[in-house]
Amino acid sequence: MAGVRRRDRYGRGLRGPLTPPQAPVSRTRAERFDDLVRDEVRRLEQRWGRELAQVEFAVDDVPDLEPWFDGPVPLGQTVPGDNGRPVRIAVFRRPIEARANGDRELGRLIRDLLVEEVADLLGLSPESVDPSYDTPDD
């Protein structure tokens, strides 16, 4: 079979992932971002579970903006519930990642954004929703 190329040209065996799929290093940026949001939502629900029972949290890549939109790109959005649909708090992954300088700041931005959205929804100050609001992580 002259002319047929083999994928295992040098006899090293089939190549595959270097880490098992359950290892943290093999998770994508989007999956790690989802984990950060999920952890923060759990933390807020521990304190505000009853008030947030009818709230849906979501992660979207980017906001749906009109072509003529002129202003800063929002990091999150609260959509009021109607016709039996729950209130939806959306966190926009790409704008947050673009503004964060490293993992620590990414986590802080997510925390502060969710605290602000929940505070606005409940009609409270962000500091009363979470005393650690707007304090840097050391």
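Residues numbered from 1 in each chain as written. Predicted model: local features only at pLDDT ≥ 70, side-chain atom pairs only at ≥ 80, totals over all residues. Heavy atoms only, no water.

So, the sheet that holds strand 1 (residues 55-60)
Keep this limit in mind: Strand pairing is defined by DSSP finding a minimum of two bridges between the two strands. The numbering of helices and of strands both runs from the N terminus, where a helix is a DSSP run of H or I of at least 4 residues and a strand a run of E of at least 2. As a rule, the C-alpha atoms of each element are fitted with a line to give its axis, helices using only the stretch in contact, and angles between N-to-C directions run from 0 to 180 degrees.
Spatially, 1-3-2 is the arrangement adopted by the three strands of the open sheet, whose pairing is mixed. Looking at the sheet topology across the chains shown, the edges are occupied by strand 1 and strand 2 (76-79). When strand polarity is set aside, the average angle formed by the axes of neighbouring strands in this sheet is 20 degrees. Direction of pairing for strand 1 relative to strand 3 (residues 87-92): parallel, over a ladder of six bridges. Across the sheet, Glu 56 pairs through a bridge with Arg 88, a residue of strand 3.

Section: unusual backbone geometry
Residues apart from glycine generally show negative phi values, whereas peptide bonds are mostly found in trans. Even without being glycine, Asn 83 reaches a positive phi, approximately 50 degrees. Turning to its location among the elements, Asn 83 is positioned in the loop between strand 2 and strand 3.

Focus on a nonpolar patch on the surface
The test is simple: In this analysis, a patch consists of residues with relative accessible area above 30% that form no salt bridge, clustered at 9 Å for like charges and at 5 Å for the nonpolar side chains Val, Leu, Ile, Met, Phe, Trp and Tyr. Using a 1.4 Å probe, the Shrake-Rupley method yields the accessible areas, and only the shown protein chains count as cover for residues. Salt bridge, as used here, is a side-chain nitrogen of Lys or Arg placed within 4 Å of a carboxyl oxygen of Asp or Glu.
Together, Leu 65, Phe 69 and Val 73 make up a nonpolar patch on the protein surface, roughly 220 Å² of accessible area in all. As for its position among the elements, Phe 69 is in the loop between strand 1 and strand 2.

Some thoughts on the environment of Arg 43
Our working definition: Residue burial is assigned from relative accessible area. The probe radius is 1.4 Å, only protein chains are included, and a residue is buried under 20% of its type maximum, exposed over 50%, and partly exposed in between. Every residue pair with non-hydrogen atoms within 4.5 Å of one another is taken to be in contact. In the analysis that follows, any N or O atom pair within 3.5 Å is treated as a polar contact, provided that within protein one partner can donate a hydrogen and the other can accept it, and provided that, for residues neighboring in sequence, both atoms belong to side chains.
Along the chain, Arg 43 falls in helix 1 (residues 29-48). By relative accessible area, Arg 43 is classed as partly exposed at 32%. In this structure the C-alpha to C-alpha distance between Arg 43 and Asp 130, which are 87 residues apart in sequence, comes to 9.7 Å. Arg 43 has contacts with Arg 111, Val 115, Asp 130 and Ser 132, leaving out every residue within four places of it along the chain. Among the polar contacts made by the side chain of Arg 43, one reaches the side chain of Asp 130 at a distance of 2.4 Å.

Regarding the layout of surface pockets
Definition in use: Put plainly, a pocket is an open set of points on a 1 Å grid over the protein atoms alone with protein on both sides within 12 Å along at least five of seven lines, a cavity is a set where a 1.4 Å probe fits but cannot get out, and a lining residue has an atom within 4 Å of a point. Grid points are joined across faces, edges and corners, and a volume is the space filled by probe spheres set on the points. Note that Gly is not counted as nonpolar here; it falls among the polar residues with everything else outside the nonpolar set of Ala, Val, Leu, Ile, Met, Phe, Trp, Tyr, Cys and Pro and the charged set of Asp, Glu, Lys and Arg.
In this structure, the largest pocket occupies an estimated 220 Å³ of space. Forming the boundary of the largest pocket are Arg 29, Arg 32, Phe 33, Leu 36, Glu 97, Ala 100, Gly 102, Asp 103 and Leu 106. Residue assignment for the lining of the largest pocket shows that the elements contributing at least two residues are helix 1 and helix 3 (103-122). Top element by residues in the lining of the largest pocket is helix 1. It accounts for four residues. For the lining of the largest pocket, the class distribution of residues is four nonpolar, one polar and four charged.

Examining the pattern of salt bridges
Taken as a whole, this structure holds 13 salt bridges when the rule is applied. Salt-bridge contacts for Glu 97 lead to Arg 29; the nearest nitrogen and oxygen are separated by 3.2 Å. Of this pair, Glu 97 sits in helix 2 (residues 93-99) while Arg 29 sits in helix 1; the two residues are 68 residues apart in sequence, bridging distant segments of the chain. By relative accessible area, Glu 97 is classed as buried at 17%. Across the pair Glu 105 and Arg 108 runs a salt bridge, and its minimum N-O distance is 3.8 Å.

Some points on helix 1
Residues that lie three or four places apart on an α-helix share one face, since the helix turns once every 3.6 residues. Let me state the cut-off plainly: To estimate how far a helix should reach, multiply one less than its number of residues by 1.5 Å. The arc in question is traced by the directions running from the helix axis to the C-beta atoms.
The first and last C-alpha atoms of helix 1 sit 28 Å apart over 20 residues, in line with the 28 Å expected at 1.5 Å per residue. Restricting attention to buried positions, one finds in helix 1 the residues Phe 33, Val 37, Glu 40, Val 41, Leu 44 and Trp 48. For helix 1, the angular spread of buried residues about the axis comes to 105 degrees, placing them on one side. Taken together, the buried residues of helix 1 touch strand 1, strand 3, helix 2, helix 3 and helix 4 (126-129).

This is a description of form; function is not addressed.
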